[in-house]
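Here's the letter readout for the chains.
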Amino acid sequence: VYGNCNVPQNWKENSSLGRWVSQQRDQYMLLTNNKSATIQGRRRRSTSMTPERISALESIGFEWVLMILTEWEVRLDELKTYKAKYGDCNVPIEWSENPQLGRWVFTQRQQYKLFMSDNPEKRRKSPMTPERIGVLESIDFQWVLIIQTEWEARLDELKAY
């Protein structure tokens, strides 16, 4: 149904499956890190993971280590999808399809302004980084929007007519 084996540990529909999936990863880590020896002075029991179990899980696409995306990375992916659909990165702040994305885009512009400030105190308050700026600019993100008035928009439409 979901196309992957990444069952959340506390999945409401089947919490025991979520815990079991998490345990498989833990057991695999014990096996691969050879931690059946002593940990903090206590003898740790050996792992129940076997090569056969590893093969069975891998045959259905099981991932041993999950890449956990930060919220920033999740929003960036959503912005890339928005751009592919609409041709720009100018998500309205109260976009009904994804209000979080609209607010996030607005926040990136605010954080950029702080980051570029001549005031060191303001710069310190911004989580913006040169790396994030580079990533956003690589998808043609506009830091400053020129808001076109309705009158100017109609004039442009008239000219095109």
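In what follows, the accompanying structure is described.

Scoring rules and cut-offs
- Residues numbered from 1 in each chain as written.
- Predicted model: local features only at pLDDT ≥ 70, side-chain atom pairs only at ≥ 80, totals over all residues.
- Heavy atoms only, no water.
- Helix = DSSP H or I, 4+ residues; strand = E, 2+ residues; numbered from the N terminus.
- Salt bridge = Lys/Arg side-chain N within 4 Å of Asp/Glu carboxyl O.
- Buried < 20%, exposed > 50% of the residue type's maximum accessible area, 1.4 Å probe, protein only.

1. Points about unusual backbone geometry
Piece 1. We note that Asp 140 has phi near 65°; this positive angle belongs to a residue other than glycine.
Piece 2. Mapped onto the elements of the fold, Asp 140 is located in the loop between helix H6 (130-138) and helix H7 (150-160).

2. Comments concerning the pattern of salt bridges
Piece 1. This structure, assessed with the given rule, holds five salt bridges.
Piece 2. Measuring nitrogen to oxygen at the nearest pair gives 3.9 Å for the salt bridge that ties Glu 71 to Arg 75. Pair noted here: Glu 71 and Arg 75 are both in helix H3 (residues 71-86), with a separation of four residues, about one helical turn.
Piece 3. Under the relative-accessibility criterion, Glu 71 is labelled exposed at 56%.
Piece 4. For the salt bridge of Glu 121 with Arg 124, the shortest nitrogen-to-oxygen distance reads 2.8 Å. One end of the pair is Glu 121 and the other is Arg 124, both in helix H5 (residues 120-125) and three residues apart, which spans about a single turn.
Piece 5. With relative accessibility at 62%, the residue Arg 124 sits in the exposed group.
Piece 6. One network of salt bridges, in which partners are shared, links Glu 71, Arg 75 and Glu 78.

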